Amino acid sequence: MSLRQFEYALAVAEEGSVTAAAERLHVAQPSVSQQIRGLERELGVELFDRTPTGLVATAVGRAFLREAEVAVSAARKARATARAGADELVGELVVAAQMGFGTRQWPGALDALRRRFPRLEVTVFEEPSSAELERLCRRGVLDLALMAACERSPADAHRLGEEEFVVVLGEGHPQLAADDPVDLRELAGESWVRFDRDSALDGVLLSVLRDNDLTPATAARVSQTATAVRWAAQGLGVTLVPASAVPYGYEHLARPVFPAVSQPVIAVLRQGAGPGETALLDLLRRETWTESASFAPVS
């Protein structure tokens, strides 16, 4: 088995067809087909089922692909480390953030990293489920993960600061005129723009409302914090999001809450982290993580 075969199999699984995988990899289609057949022969199993809608990984194939992903990720890190010089770093960093966390902090940190290592590529994606984020960390797929601290947080996690949560209200909402944080009990009877049921953000909202003896009436569920803020601004309902996730132009609709809601933010590096991950962590440390002052009422 070769690393190239692993990469081809992962591409086929993601694209659902040999043709699309070949186009993405910039190789000839017969080459991909040949590598997949050779891999299946060597393993003695079928990795994909041929269906009318495309190629779908078999149960054995899914198990194999999970390990192949780890191997490919490790190989990329090894290549990056081998090519790293004193002043230059090339390769790819794979980074994930718990949805809504670090939205305003990422651009500055990544821009500084890019200027320092212009040939280093960084892939960042948001993960709504904290359980899935922890699973990806355990598998070693991620170079750096940004998430809320919890009981299962690794002992070597790096604390960056606090992510404060704010409530976003619709234009003209009476609570916008208040100078003090919004008392959550004053929102009894409001409808809420919520998040997917398995997301960490929806878990925070449920916990906060239950602690204040409130039962949420769900106006809608969304998958992105920006959508929740925009729908709340239009009066569909109120929502609770990390302060840094409030898009520019909507700050005047966001208010701190009472009792205050915040979560410690941590960064988790992969074992044996290289200079790229370490540099990114240092840059994230320099960002501001408490932004409640940005949401004071405008007089």
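Residues numbered from 1 in each chain as written. Predicted model: local features only at pLDDT ≥ 70, side-chain atom pairs only at ≥ 80, totals over all residues. Heavy atoms only, no water.

(A) Representation of the packing of helix α1 (residues 3–15) against helix α2 (residues 18–25) within the structure. Look at α1 against α2: their axes get within 8 Å of each other, and the N-to-C directions meet at 120°. Here α1 lies oblique to α2, going by the angle between them. Considering how the two elements wind past one another, α1 and α2 form a crossing that is right-handed. Across the interface between the two elements, Y8, A11, V12, E14 and E15 of α1 pack against V18, A20, A21, R24 and L25 of α2. Looking at the contact of α1 with α2 residue by residue, the classes come out as seven nonpolar, no polar and three charged. (Axes fitted to C-alpha atoms, helices over the stretch in contact; angles between N-to-C directions. Helix = DSSP H or I, 4+ residues; strand = E, 2+ residues; numbered from the N terminus. Parallel < 35°, antiparallel > 145°, perpendicular 65-115°, else oblique. Left-handed = near helix turned anticlockwise from the far one by under 90°. Contact = heavy atoms within 4.5 Å. Nonpolar A, V, L, I, M, F, W, Y, C, P; charged D, E, K, R; others polar.)

(B) Local environment of the packing of aromatic side chains. For the coordinates displayed, the defined rule picks out two aromatic pairs. Ring centres of F6 and F64 lie 5.4 Å apart, and the angle between their planes is 80°; on these two criteria the pair is classed as edge-to-face. Here the residue F6 occupies a position in helix α1, and F64 occupies one in helix α4 (residues 59–83), the gap between them amounting to 58 residues. In terms of burial, F6 and F64 fall into one category: buried. Seen from their ring centres, F101 and F165 are 6.3 Å apart, and the 70° between their planes marks the pair as edge-to-face. With F101 in the loop between β3 (91–98) and α5 (106–116) and F165 in strand β6 (residues 158–168), the pair connects residues that are 64 residues apart, well separated along the chain. With respect to class, F101 is no different from F165; both count as buried. Seen from the ring of Y248, R104 lies directly overhead, with NZ or CZ sitting 4.4 Å from the centre. (Phe/Tyr/Trp six-rings, centres within 6.5 Å; stacked < 30°, edge-to-face > 60°. Buried < 20%, exposed > 50% of the residue type's maximum accessible area, 1.4 Å probe, protein only. Lys NZ or Arg CZ within 6 Å of the ring centre and 35° of its normal.)

(C) Fine view of the pairing of β6. Within β6, eight of the 11 residues are buried, which leaves it mostly tucked inside the rest of the structure. Sheet analysis places β6 next to strand β12 (residues 262–269), joined by six bridges and oriented antiparallel. By the bridge assignment for β12, E164 is matched with S262. Pairing of β6 with strand β10 (residues 239–242), which is carried by four bridges, proceeds in the antiparallel orientation. Counted as the bridge partner of F165 is P242 from β10. (Pairing = 2+ DSSP bridges.)

(D) Summary view of the confidence of the model for the chain. Per-residue confidence for the chain averages 85 on the pLDDT scale, and 92% of its residues sit at or above 70. Here residues 291–299 is a poorly scored stretch, pLDDT under 50, and it has 19 contacts once near neighbours within four places are set aside; other chains count. (pLDDT = per-residue confidence, 0-100.)

(E) Looking closely at the packing of α5 against helix α9 (residues 275–286). Remark: α5 packs on α9, axes separated minimally by 9 Å, with the N-to-C direction vectors making an angle of 135°. Between α5 and α9, the crossing angle belongs to the class labelled oblique. Judged by the sense of rotation from one axis to the other, the crossing of α5 with α9 is right-handed. Contact residues: α5 offers W106, A109, L110, A112, L113 and R116, while α9 offers G276, A279, L280, L283 and L284.

(F) Looking closely at the nonpolar core. Ranked by internal contacts, the top residues of the largest apolar core, which has 57 residues, are L146, V167 and L240. In contact with V167, not counting residues within four places along its chain, are V182, L187, W192, V238, T239, L240, L253, A254, R255 and V257. Residues F6, V12, L39 and F48 belong to the second largest nonpolar core, which totals 20 residues. (Core = buried A, V, L, I, M, F, W, Y, C linked by side-chain atoms within 4.5 Å.)

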